[in-house]
Amino acid sequence: MSLHDLYVISPYAGMAAVAILIILLDLVVPRKGLLPVAAVAGLLAPLILSLVQLNDLVDGTDLLADVVPASVLVGTLSVDRFALFFNFLVLAATALVIISSTDYVKRMQQFRGEYYGLILFSATGMMLLAAATELITIYISLELTTLPLAALAALLMTARSTEAGMKFLIVGALSSAVMLYGMALVFGFTGSTTLEGIAASVAAPGQQNVPFGSYAVLVGLVLILVGFGFKISSVPFQMWVPDVYEGAPTPVVAFLSVASKAAAFAILLRVLFTGFFDVSLEWAGLIAILAAASMTVGNLAAIGQSNIKRLLGYSTIAQAGYILVGVAAGITGAASGLDLPEYADIGPNSVLFYLASYTAANLTVFIAVIAVGNHLGSDRIDDYAGLVRRSPFLAGALTLGLVALIGVPPTSLFIAKLYIFTAAVDSGLAWLAILGVINSVVSAYYYAKIIRIMFLQPAAYQEAIPIPATSGLALSLSGVALLWIGIAPGYLLKMAEVASVALAG
């Protein structure tokens, strides 16, 4: 392995090393309260290594100038602003989840070290996934992301937790098998596993009379997209979401809902806009239909839920639909012949901005749900009655997160939805933007129901709900980020735009 290889994998190796260190510390350290401290402190290693790579990009350093032919990572991982954007996003989400779950994990009699280690291993896979530019690397990164999450879902060892872990594992295995078969077809008929090589093959002039140069490649891409559909929990591949969200530990659900979704959309964007960017076939219609179905099914199914985790599960399906609106907008721009920077201004950057905004908003909601659930021992929405009198801070934070998910100013998702719907209108998908606005109005009903119960219904019990210091810190950080993005979105917008340009090299 060359020095270049070590440089490329340094953030991911740093994250994996922290995971191994936490598991080893669990064996020798009697004070288990030090484990989350060590885990959060250990995140500084991949953060610093990612900042070093970002600094090299800003300085204009040619990261590939000294690559030797013996390098094993050429064409498999990319050091670009797109990958680094998701490095920082995953690191932030991981830190907030670990901080907010400290009190939750204290109640576990065992597997504390394994809990933090598995989260860090899954985060390693997510970071690798955003940087992957080769099919085998994509598949391995997906498995590294998914398998620790399946173990985490079953970690409580209760009937519901075990069921959630098994369902997630089985559905994940099926989606991976479908995706792997699609990758095999693409490799067999393009002769390459790298996205760059695939792009060159499907864009070859002699093959333009057939979509992608081969119907087998067309089927292969469809199967790959089916696999991604399971990972991003879009309709019609969303059937696993409500049961897994209800049965899995709440901090794990929080991590799954934001970091895993961000990584899945990262690789979806890279495959579509790097591997198949020059294809003339119109894909916007298919993606737009998936977006419309996900928004509508997710929001309508959430209305009748009585369990807040199941409700948030259906909510995340609807959120996947909103994000797919940006993907469809970008594909329309690509199919219309727009070149950089025009295409980057109407699609992928709106997706990146939305993912960061959604991470802040959804984590705010879940951190509050973790704190309330720890005390109540229940996830029933009716048990949130009178929460404002029992814990004004938790009720206020939860309200802020729910209002953000609706898309009310001045929160992060107001700007994100405005941005992504504008991208759809600019791409000629005005009908999809209108449907998105209608679905946002529908979502206000079930989000507002929770707020009404917290503020207007009398509490069954009057004792105050204590707020652990770690939960208060995590809530404050996510809430401030939520408001900061909504009030001053310029910096994040610029980061998303620059990162999305890197998709086309």
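Residues numbered from 1 in each chain as written. Predicted model: local features only at pLDDT ≥ 70, side-chain atom pairs only at ≥ 80, totals over all residues. Heavy atoms only, no water.

1. Description of the overall build of the chain
And step 1. Scanning the chain for helices and strands turns up 21 helices and zero strands.
And step 2. Burial statistics for the chain: of 505 residues in total, 61% are counted as buried.
And step 3. Partitioning the intrachain contacts of the chain with sequence separation of at least 6 by distance along the chain shows that 83% fall at a separation of at least 24.
And step 4. Approximately 18500 Å² of the chain is accessible, and the part contributed by carbon and sulfur atoms is 70%. (Helix = DSSP H or I, 4+ residues; strand = E, 2+ residues; numbered from the N terminus. Buried < 20%, exposed > 50% of the residue type's maximum accessible area, 1.4 Å probe, protein only. Contact = heavy atoms within 4.5 Å. Areas by Shrake-Rupley, 256 points an atom, 1.4 Å probe, with all protein chains shown as cover.)

2. Some words on a nonpolar patch on the surface
And step 1. Taken together, the side chains of Leu 147, Met 166, Leu 169, Ile 170 and Leu 174 present a nonpolar region at the surface, about 460 Å² in accessible area.
And step 2. Locating Ile 170 in the fold gives a position in helix H8 (residues 159-190). (Patch = residues over 30% accessible without salt bridge, like charges linked within 9 Å, V, L, I, M, F, W, Y side chains within 5 Å. Salt bridge = Lys/Arg side-chain N within 4 Å of Asp/Glu carboxyl O.)

3. Details of the packing of aromatic side chains
And step 1. Summed over the entire model, instances satisfying the criterion amount to eight aromatic pairs.
And step 2. Seen in terms of ring centroids, Phe 85 and Phe 86 are 5.5 Å apart; in terms of plane orientation they differ by 75°. Their pairing is edge-to-face.
And step 3. Judged by its relative accessible area of 6%, Phe 85 is buried.
And step 4. Judged by its relative accessible area of 1%, Phe 86 is buried.
And step 5. Ring centres of Tyr 115 and Tyr 116 lie 5.1 Å apart, and the angle between their planes is 80°; on these two criteria the pair is classed as edge-to-face. (Phe/Tyr/Trp six-rings, centres within 6.5 Å; stacked < 30°, edge-to-face > 60°.)

4. Observations concerning the pattern of salt bridges
And step 1. Tallying each qualifying case throughout the model produces nine salt bridges.
And step 2. Between Arg 270 and Asp 80 there is a salt bridge, and its shortest N-O distance comes to 3.2 Å. With Arg 270 in helix H12 (residues 250-275) and Asp 80 in the loop between helix H3 (44-58) and helix H4 (81-100), this pair connects stretches of sequence that are 190 residues apart. Both residues of the pair, Arg 270 and Asp 80, count as buried.
And step 3. For Lys 167, the salt bridge identified is with Glu 163, shortest N-O distance 2.9 Å. Of this pair, Lys 167 and Glu 163 are both found in helix H8, four residues apart, which corresponds to roughly one turn of the helix.
And step 4. Here Lys 167 falls in the partly exposed class, since its relative accessible area comes to 27%.
And step 5. A cluster of three or more residues bridged by salt bridges with shared partners is formed by Arg 160, Glu 163, Lys 167, Asp 243, Glu 246 and Arg 310.

5. Observations concerning the environment of Ser 176
And step 1. Its location among the elements puts Ser 176 in helix H8.
And step 2. When its relative accessible area of 2% is taken as the criterion, Ser 176 is described as buried.
And step 3. Along the sequence, Ser 176 and Leu 142 sit 34 residues apart, while their C-alpha atoms lie 8.2 Å from each other.

6. A few points about the packing of helix H15 (residues 348-376) against helix H20 (residues 469-487)
And step 1. Following both chains from N to C, one finds H15 and H20 inclined at 150°, their axes separated by 9 Å at the closest point. The angle between the axes of H15 and H20 places the two elements in the roughly antiparallel class. Here H15 and H20 pass one another in a crossing that is left-handed. Along the contact surface, H15 presents Phe 353, Ala 356, Ser 357, Ala 360, Ala 361, Leu 363, Thr 364, Ile 367, Ala 368 and Ala 371, while H20 presents Ser 471, Ala 474, Leu 475, Ser 478, Gly 479, Ala 481, Leu 482 and Ile 485.
And step 2. Of the residues assigned to the contact of H15 with H20, the class counts are 13 nonpolar, five polar and no charged. (Axes fitted to C-alpha atoms, helices over the stretch in contact; angles between N-to-C directions. Parallel < 35°, antiparallel > 145°, perpendicular 65-115°, else oblique. Left-handed = near helix turned anticlockwise from the far one by under 90°. Nonpolar A, V, L, I, M, F, W, Y, C, P; charged D, E, K, R; others polar.)

7. Things to note about unusual backbone geometry
And step 1. Omega for the bond connecting Val 235 with Pro 236 falls within 30 degrees of zero, at 10°, which places this linkage in the cis form.
And step 2. Here the bond from Pro 409 into Pro 410 is cis, since omega is 5°, no more than 30 degrees from zero.
And step 3. Counting through the fold element by element, Pro 410 comes out in the loop between helix H17 (392-406) and helix H18 (412-426).
And step 4. A positive phi is found at Met 157, a non-glycine position, where the angle reads about 65°.
And step 5. Of note, Met 157 is situated in the loop between helix H7 (135-153) and H8.
And step 6. The phi angle at Ser 233 is positive, at roughly 55°, despite the residue not being glycine.
And step 7. Here Ser 233 is to be found in the loop between helix H10 (215-232) and helix H11 (241-247).
And step 8. Take Ser 233: its relative accessible area is 3%, and that puts it in the buried class.

8. Focus on the packing of helix H2 (residues 34-42) against helix H6 (residues 112-131)
And step 1. Contact geometry for H2 and H6: axes closest at 10 Å, N-to-C directions at 15°. Between H2 and H6, the angle is such that the two are roughly parallel. Handedness of the H2/H6 crossing: right-handed. On H6, the residues that touch Leu 35, Pro 36 and Ala 39 of H2 are Arg 112, Gly 113, Tyr 116 and Leu 120.

9. Here's the deal with the environment of Ala 502
And step 1. Tracing the backbone through its elements, the reader meets Ala 502 in the segment after helix H21 (490-501).
And step 2. Considering only alpha carbons, one finds Ala 502 and Asp 80, 422 residues apart in sequence, at a separation of 6.3 Å.
And step 3. When near neighbours in sequence (up to four residues on either side) are disregarded, Ala 502 contacts Asp 80, Arg 81 and Phe 82.

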